[in-house]
Amino acid sequence: MQLVGFSVGATVAWLCSEHVVGQKVLCFYGSRIRSYTNVIPKVPVQMVFGKNEKAFSPENVRIELSEHSLVTFEIVEGTHGFANPYD
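Keep in mind it's a predicted model, so treat the numbers as computed, not measured.

## Looking at the nonpolar core
Okay, so step 1: If you look at the biggest cluster of nonpolar residues, it comprises 19 residues, and the most contacted ones within it are Trp 14, Cys 27, Ile 33, Val 45, Met 47 and Leu 65.
Okay, so step 2: Elements with a contribution of two residues or more to this core: helix H1 (8–16), strand S2 (24–28), strand S3 (45–50) and helix H2 (58–65).
Okay, so step 3: Filtering out sequence-adjacent residues up to four positions away, Met 47 remains in contact with Trp 14, Cys 27, Ile 33, Leu 65, Val 71, Thr 72, Phe 73 and Glu 74.

So, in structure tokens, the structure goes:
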């Protein structure tokens, strides 16, 4: 099972990763994750952010979370919501 969250849902998915929720967590542009860097995931978590976030630096979040071996990070060209074709 995979838990996928977008934006605020990504932040919730990140918070859930501290508990066994399935096999993997996928977080798309969860900008508030930056407020919860103290979470210690128990399952693999993949973070995907747009490079051009207005409210924060995805690179800083990547650096803060790099201590967790279960967290992988991808920063792609784009802004918050880049995966939403209707945005």
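## Some details on the pattern of salt bridges
Okay, so step 1: For the coordinates displayed, the defined rule picks out one salt bridge.
Okay, so step 2: One salt bridge connects Arg 62 with Glu 59, and the closest N-O pair in it is separated by 2.4 Å. Note that Arg 62 and Glu 59 are positioned in helix H2 at a spacing of three residues, about one turn of the helix.

## Concerning H2
Okay, so step 1: Taken as a whole, H2 has its buried residues at Pro 58, Val 61 and Leu 65. The buried residues of H2 occupy an angular sector of 60 degrees when projected down its axis, which confines them to one face.
Okay, so step 2: Turning to H2, the residues buried within the fold contact H1, S3 and strand S4 (71–76).

## A closer look at the environment of Ser 69
Okay, so step 1: Tracing the backbone shows Ser 69 in the loop between H2 and S4.
Okay, so step 2: Distance in space between the C-alpha atoms of Ser 69 and Val 45 is 9.5 Å, their sequence separation being 24 residues.

## Some details on the packing of aromatic side chains
Okay, so step 1: The tally for this structure, following the rule as stated, stands at five aromatic pairs.
Okay, so step 2: Look at Phe 49 and Phe 73: their rings are 5.2 Å apart centre to centre, the planes differ by 20 degrees, and that puts the pair in the stacked class. Here Phe 49, found in strand S3, pairs with Phe 73, found in strand S4; they are 24 residues apart in sequence, far enough to count as distant.
Okay, so step 3: In this structure an aromatic cluster arises from ring pairing among Phe 6, Phe 28 and Tyr 29.

## Section: H1
Okay, so step 1: All of the buried residues along H1 are Ala 10, Thr 11, Ala 13 and Trp 14. Along H1, the residues classed as buried sweep out an arc of 160 degrees about the axis, all on the same side.
Okay, so step 2: On its buried face, H1 sits against strand S1 (2–6), S2, S3, H2 and S4.

## Regarding the sheet that holds S2
Strand pairing in a sheet is mediated by backbone hydrogen bonds. Such pairs are either parallel or antiparallel.
Okay, so step 1: The four strands lie next to each other as S1-S2-S3-S4, forming an open sheet whose pairing is parallel. At either end of the open sheet lies a strand with only one pairing partner, and these are S1 and S4. Between one strand axis and the next, the sheet turns through 15 degrees on average, direction left out of account.
Okay, so step 2: The pairing of S2 with S3 spans four bridges and is parallel. From the neighbouring strand, Phe 28 faces S3, where its bridge partner is Val 48.
Okay, so step 3: Sheet strands in contact with H1 are S1, S2, S3 and S4, and its direction is about 140 degrees off that of S1.

Parameters at a glance
- Residues numbered from 1 in each chain as written.
- Predicted model: local features only at pLDDT ≥ 70, side-chain atom pairs only at ≥ 80, totals over all residues.
- Heavy atoms only, no water.
- Core = buried A, V, L, I, M, F, W, Y, C linked by side-chain atoms within 4.5 Å.
- Buried < 20%, exposed > 50% of the residue type's maximum accessible area, 1.4 Å probe, protein only.
- Helix = DSSP H or I, 4+ residues; strand = E, 2+ residues; numbered from the N terminus.
- Contact = heavy atoms within 4.5 Å.
- Salt bridge = Lys/Arg side-chain N within 4 Å of Asp/Glu carboxyl O.
- Arc of directions from axis to C-beta.
- Phe/Tyr/Trp six-rings, centres within 6.5 Å; stacked < 30°, edge-to-face > 60°.
- Pairing = 2+ DSSP bridges.
- Axes fitted to C-alpha atoms, helices over the stretch in contact; angles between N-to-C directions.

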